[in-house]
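# Report on the structure
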Amino acid sequence: MWCRNLAWLFKVPYQLRGSTRHRSLWLPHDRRAVPVAAARWHHTAPESLKCAWQLHGDHLELRYENTLMRFDFVWLRDHCRSASCYNAKTNQRSLDTASVDLGIKPKAVRVDETTLFLTWPDGHVTRYGLEWLVKNSYEGQKQQVMHPRILWNAEIYRQAQVPSVDCRSFLETDEGLKEFLQNFLLYGIAFVDNVTPTKEDTEVLAERISLIRETIYGRMWYFTSDFSRGDTAYTKLALDRHTDTTYFQEPCGIQVFHCLKHEGTGGRTLLVDGFYAAEQVLQQAPDQFELLSKVPLKHEYVENVGDCHNHMIGVGPVLNVYPWNNELYLIRYNNYDRAVINTVPYDVVHRWYAAHRTLTTELRRPENELWVKLKPGKALFIDNWRVLHGREAFTGYRQLCGCYLTRDDVLNTARLLGLQA
């Protein structure tokens, strides 16, 4: 889709696939020297259809089970996992990539039922498990999902009956922590119940899964309607759905909210799965999805209140996708903080506005709105790269505390517990 304009970065040019650079390669399994130009499929055994391969002038083509893969020879040398090329204790590459001859070709190739063997001109032997190659090839990655998710609207989420995790279980057991993180990874939101309603206890809760990210708002913050900061959030007004810190070059990954006190009415929290809305755009108007994923915009935060003086600018498209499989990983949506659009030529601007309107319509559909009343003792964790939040107007005194968490550390905790993240 949108990555088609970048396809040349990831494909072997057509004219190179049929390269006629003649060089005899010794093929150990049939003991014959075969010119590169005479490339043909070789099977691990005459009757085997599970694995077959053939050599070309600049790459190896390998079919294993249902995946057809192409590997550049430099890539095959660079990723060698032998003891001299890769430190298995530190999981780091030892081979100096810049030392690999860009014109390198294997002297011999052999494939058995589980392993690819390559002998290089200097006699070095590289071995690759076929399963490893499927997992780590470009073609294999295109078929994989980096982050499994369940997209939801309000009804889908309610029917799923996703449980909150008790604070004690969350803090003291791996089972409770794993359940919480699984909910968070799948839905982009997760709740912890029975939290002592203090900033200090909320801080302990947050540190269970991540380092707390210190920002211009501090480390742990109190949140009231005293207009102590130059932001609409510090009022009693309603807030439309948005993601936070779009004006950071890397928006904060996770946001934690804990309502410590509310003496009044209103103030419900609005949650919308931005990825669910984006998926509707992709299905209905793929060209508009593509535009939203390609056009870079500026978001800006200018503050001059009391001792707080800040001018932040973040640049990026509204939708951010992995180019190899078109998987959405970040939505940057905040109409309050979007700066002047001066990074888009005039002949694209109108189409961008139309695409933005389509996405906004999906985000504002009532059936996509999940409304939650935050009360003392219930902490909410939000994936700020996926789920938009807002609130209704309120009366009386309302105090929240919270923080931002570093996304890398949350995902690290999840992976250590055996979750895909």
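Refer to the structure presented above.
In this report, the structure presented in the accompanying data block is examined. If you're wondering where the values come from, they're calculated on a predicted model, not measured in any experiment.

## Notes on the pattern of salt bridges
- Going through the model one piece at a time under the given rule, you end up with 16 salt bridges.
- Residue glutamate 61 is joined to arginine 70 by a salt bridge in which the shortest nitrogen-to-oxygen separation is 3.3 Å.
- The partly exposed category is assigned to arginine 70, whose relative accessible area is 34%.
- Ionic pairing is found between aspartate 174 and arginine 208, a salt bridge with its closest N-O pair at 4.0 Å. Taken together, the residues span a long stretch of sequence, with aspartate 174 in helix α7 (residues 174–187) and arginine 208 in the loop between α8 (199–207) and β14 (212–213) at a distance of 34 residues.
- Note on aspartate 174: relative accessible area 47%, which makes it partly exposed.
- Look at the salt bridges and you will find they share partners, linking Asp240, Arg241, Arg364 and Glu369 into a network.

## Brief notes about the sheet that holds strand β16 (residues 239–242)
- An order of β16-β25-β18-β23 is seen for the four strands of this open sheet, with the pairing classed as antiparallel. With one partner strand each, in any of the chains shown, β16 and β23 (370–372) form the two edges of the open sheet. With strand direction ignored, the average angle separating the axes of adjacent strands in the sheet is 20 degrees.
- Sheet contacts for helix α9 (residues 274–284): β18 (269–273) and β25 (387–391); angle to β18, the most-contacted strand, approximately 40 degrees.

## Digging into the sheet that holds strand β5 (residues 59–64)
- Taken in spatial order, the four strands of this open sheet run β3-β4-β5-β6, and their pairing is antiparallel. Unpaired on one side and paired on the other, β3 (42–43) and β6 (67–72) mark the two borders of the sheet.
- Sheet analysis places β3 next to strand β4 (residues 51–55), joined by two bridges and oriented antiparallel. Pairing of histidine 43 across the sheet is with alanine 52, part of β4.

## Remarks on the environment of asparagine 335
- Relative to the helices and strands, asparagine 335 resides in the loop between β22 (328–331) and α11 (346–363).
- Classification of asparagine 335 as partly exposed rests on a relative accessible area of 43%.
- Residues asparagine 335 and arginine 241, spaced 94 residues apart in sequence, show a C-alpha to C-alpha distance of 8.8 Å.
- In this structure the side chain of asparagine 335 is engaged in a polar contact, spanning 2.5 Å, whose partner is the side chain of arginine 338.

Analysis parameters
Residues numbered from 1 in each chain as written. Predicted model: local features only at pLDDT ≥ 70, side-chain atom pairs only at ≥ 80, totals over all residues. Heavy atoms only, no water. Salt bridge = Lys/Arg side-chain N within 4 Å of Asp/Glu carboxyl O. Buried < 20%, exposed > 50% of the residue type's maximum accessible area, 1.4 Å probe, protein only. Helix = DSSP H or I, 4+ residues; strand = E, 2+ residues; numbered from the N terminus. Pairing = 2+ DSSP bridges. Axes fitted to C-alpha atoms, helices over the stretch in contact; angles between N-to-C directions. Contact = heavy atoms within 4.5 Å. Polar contact = N/O pair within 3.5 Å; in protein donor to acceptor, adjacent residues only side chain to side chain.

The values are spatial; any link to function lies outside them.
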